[in-house]
Amino acid sequence: MTNTEKFKISTKTKRLTTCEKSIDVAVTEFKDKYFIIISETGKMGTLVQVSRETSGMETLFNSKVLFGKDEPETNAAACALTETCNLLKPVVFGFSMRNFSSSAVKDLKQVIDTMIEKPPKEATVNVIP
């Protein structure tokens, strides 16, 4: 295995307009996690780590502010984006935005979905006896 394969990192960026604000989104995918910056100011902002835990049939999302203001809407947006985008690896978000409305989070979800490579779904085979 070469060093390039061992340390594969990919970054994608996009700009969207939501709620009359221009927002930049940068998604960096590491082997074991995602780093997603969502900014309308050009700054990294508040860093929030989200991890997924599965207990039986229930999936829980834990958020922790690593740096910046610990506000409920920041944690809620981070957990909502992790869940709705079906991010299976741990995620660190950098939020520098003022509007965490449901429409803004929905627009961000659509953009992030296009930026993250999803693993191919397993083909289902119907066996007829």
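Residues numbered from 1 in each chain as written. Predicted model: local features only at pLDDT ≥ 70, side-chain atom pairs only at ≥ 80, totals over all residues. Heavy atoms only, no water.

Looking at an unreviewed UniProt entry, the protein chain carries the name Proteasome assembly chaperone 3, with the source organism given as Oedothorax gibbosus.

Looking now at the packing of aromatic side chains. The final tally for this structure, using the stated rule, is two aromatic pairs. Considering the side-chain rings of Phe-93 and Phe-95, the 5.3 Å spacing of their centres and the 15 degrees angle between planes classify their relative orientation as stacked. Accessibility expressed as a relative area gives 0% for Phe-93, which makes it buried. What makes Phe-95 buried here is its relative accessible area of 4%. When the centroid spacing of 5.5 Å and the interplanar angle of 70 degrees are considered together, the rings of Phe-95 and Phe-100 count as edge-to-face. An aromatic cluster of three or more residues is present, and its members are Phe-93, Phe-95 and Phe-100. (Phe/Tyr/Trp six-rings, centres within 6.5 Å; stacked < 30°, edge-to-face > 60°. Buried < 20%, exposed > 50% of the residue type's maximum accessible area, 1.4 Å probe, protein only.)

Looking at where Lys-33 falls in the secondary structure, it is placed in the loop between strand S2 (21-29) and strand S3 (34-39). In this structure Lys-33 comes out as partly exposed when scored by relative accessible area, which is 35%. Sequence spacing of Lys-33 and Lys-89 is 56 residues, and the spatial spacing of their C-alpha atoms is 5.0 Å. (Helix = DSSP H or I, 4+ residues; strand = E, 2+ residues; numbered from the N terminus.)

Right, let's get into the pairing of strand S1 (residues 10-18). Where S1 meets S2, nine bridges bridge the pair, whose relative direction is antiparallel. Across the sheet, Thr-13 pairs through a bridge with Ala-26, a residue of S2. In this antiparallel pair of consecutive strands, S1 and S2, the connection spans two residues, and Cys-19 shows a positive phi of 50 degrees. (Pairing = 2+ DSSP bridges.)

Attention shifts here to unusual backbone geometry. For Glu-20, which is not glycine, the phi torsion reads 65 degrees and is therefore positive. Its location among the elements puts Glu-20 in the loop between S1 and S2. Not every positive phi belongs to a glycine, and Asn-86 is a case in point at roughly 55 degrees. Within the secondary structure, Asn-86 sits in the loop between helix H2 (72-84) and strand S6 (91-96). Judged by its relative accessible area of 44%, Asn-86 falls in the partly exposed class.

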